[in-house]
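Letter by letter, the chains look like this.
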Amino acid sequence: MSGERDPDVDSDGNEWRFGLDEVGPEAEAARAAAREEAPIEPESIDVENALFVVAGVLGTILFVFSATL
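Considering the overall build of the protein chain
Of regular secondary structure, the protein chain possesses two helices and zero strands. Residues classed as buried in the protein chain amount to 3% of the 69 residues present. Here the protein chain displays about 6,700 Å² of accessible surface, and carbon together with sulfur accounts for 61% of that area.

The structure is reproduced here in structure tokens:
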């Protein structure tokens, strides 16, 4: 060993959860840029998911009408 310490390891020899390049303003700017570059693509609608949405809407309407009576 040349006497250099790994900056991602503390004095007890345990690795840190985050590296220095993963925290701070520069890292936040890099994460924000990565989110902006990836466009959200719509997917096809599954029948099962659509049925759950319809059931939720009908249940909510029934609940509102029963509470108002």
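What to know about a nonpolar patch on the surface
On the surface, V53, V54, V57, L58, I61 and F65 cluster together into a nonpolar patch covering about 550 Å² of accessible area. With respect to the secondary-structure elements, I61 resides in helix α2 (residues 47-68).

Here is what the cut-offs are and how they apply
Residues numbered from 1 in each chain as written. Predicted model: local features only at pLDDT ≥ 70, side-chain atom pairs only at ≥ 80, totals over all residues. Heavy atoms only, no water. Helix = DSSP H or I, 4+ residues; strand = E, 2+ residues; numbered from the N terminus. Buried < 20%, exposed > 50% of the residue type's maximum accessible area, 1.4 Å probe, protein only. Areas by Shrake-Rupley, 256 points an atom, 1.4 Å probe, with all protein chains shown as cover. Patch = residues over 30% accessible without salt bridge, like charges linked within 9 Å, V, L, I, M, F, W, Y side chains within 5 Å. Salt bridge = Lys/Arg side-chain N within 4 Å of Asp/Glu carboxyl O.

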